[in-house]
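Spelled out, the chains give:
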Amino acid sequence: MNHPSKMHNNLFTTIILILFLFSKPSAAFGGGAITGGWKRIHNMTDPTVVKIGKFAIHEHNKRDHASLKFRKVVKGESQVVAGMNYNLTIRAAERGADKCYVALVWDKPWKKFRRLVSFKGPV
Ligand SMILES: *[C@@H]1O[C@H](CO)[C@@H](O)[C@H](O)[C@H]1NC(C)=O
Ligand SMILES: *[C@@H]1O[C@H](CO)[C@@H](O)[C@H](O)[C@H]1NC(C)=O
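Residues numbered from 1 in each chain as written. Chains lettered and ligands numbered in written order. Predicted model: local features only at pLDDT ≥ 70, side-chain atom pairs only at ≥ 80, totals over all residues. Heavy atoms only, no water.

(A) How the structure looks around the site of ligand 2. The environment of ligand 2 is made up of Trp38, Lys75, Glu77, Asn87 and Thr89. Lys75 is positioned such that a nitrogen or oxygen atom in its side chain is 3.1 Å from an oxygen atom of ligand 2. At a separation of 2.4 Å, an oxygen atom of ligand 2 approaches a polar side-chain atom of Asn87. Contact with the protein chains hides 51% of the accessible area of ligand 2, taken as 360 Å² for the molecule alone. Those elements that provide at least two residues to the shell around ligand 2 are β2 (69-81) and β3 (83-94). By residue class, the composition of the shell around ligand 2 is 1 nonpolar, 2 polar and 2 charged. (Near = heavy atom within 4 Å. Polar contact = N/O pair within 3.5 Å; in protein donor to acceptor, adjacent residues only side chain to side chain. Areas by Shrake-Rupley, 256 points an atom, 1.4 Å probe, with all protein chains shown as cover. Helix = DSSP H or I, 4+ residues; strand = E, 2+ residues; numbered from the N terminus. Nonpolar A, V, L, I, M, F, W, Y, C, P; charged D, E, K, R; others polar.)

(B) Molecular detail of the site of ligand 1. Around ligand 1 sit Asn43, Thr45 and Pro47, and those are all the residues in its vicinity. Between an oxygen atom of ligand 1 and a side-chain N or O atom of Asn43, the distance comes to 2.4 Å. Bound to the protein, ligand 1 loses 29% of the 370 Å² it would expose on its own.

(C) Highlighting unusual backbone geometry. A cis geometry characterises the amide bond from Gly121 onward to Pro122, with omega recorded as 5°. Despite not being glycine, His65 has its phi angle at roughly 50°, a positive value. Tracing the backbone shows His65 in the loop between α2 (47-64) and β2. Phi is positive for Arg95, which is not a glycine, with a value near 45°. With respect to the helices and strands, Arg95 occurs in the loop between β3 and β4 (97-108).

(D) Representation of α2. Here α2 is 18 residues long and its end C-alpha atoms lie 26 Å apart, about the 26 Å a rise of 1.5 Å per residue gives. Every buried residue belonging to α2 is among Val49, Ile52, Gly53, Phe55, Ala56, Ile57, Glu59, His60 and Asn61, and all of these are buried. Packed against the buried residues of α2 are β2, β3, β4 and β5 (113-120). Its side-chain oxygen placed 2.9 Å from the backbone nitrogen of Thr48, Asp46 serves as the N-cap of α2. (Expected span 1.5 Å × (residues − 1). Buried < 20%, exposed > 50% of the residue type's maximum accessible area, 1.4 Å probe, protein only. Contact = heavy atoms within 4.5 Å.)

Written as structure tokens, this is what we have:
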């Protein structure tokens, strides 16, 4: 016995489910089905932002046997994924010369998980 409004509700739920299953999470390099949009970071001296920036430089140095010295985060944006994605433009120095680099970091603080997804530059 189906009441018309209940049938309507079921159809609605099915459509939402189909839309959800077929929608691609945008730039979900961090994995996780539910992703938000990129949000501009306004405070470049926020301790978490600085920590993520330093982590990116440290990881890049380790991977590429480079010796960049972190100066500061110049700009950035973050995206909610399973955790948070950070896209930071970082100023760093190599043999005294300051240059900018763009780093993507995936952070899941409650799991103590942090990964340098990509590192590009100088830009
Ligand atoms: C940015 O964050 C730092 C550290 O939390 C704080 O001291 C400072 O006041 C903040 N600056 C702005 C403009 O909100
Ligand atoms: C990260 O930021 C840089 C600089 O603003 C931009 O060129 C790049 O497209 C951004 N990357 C992503 C994945 O949004």
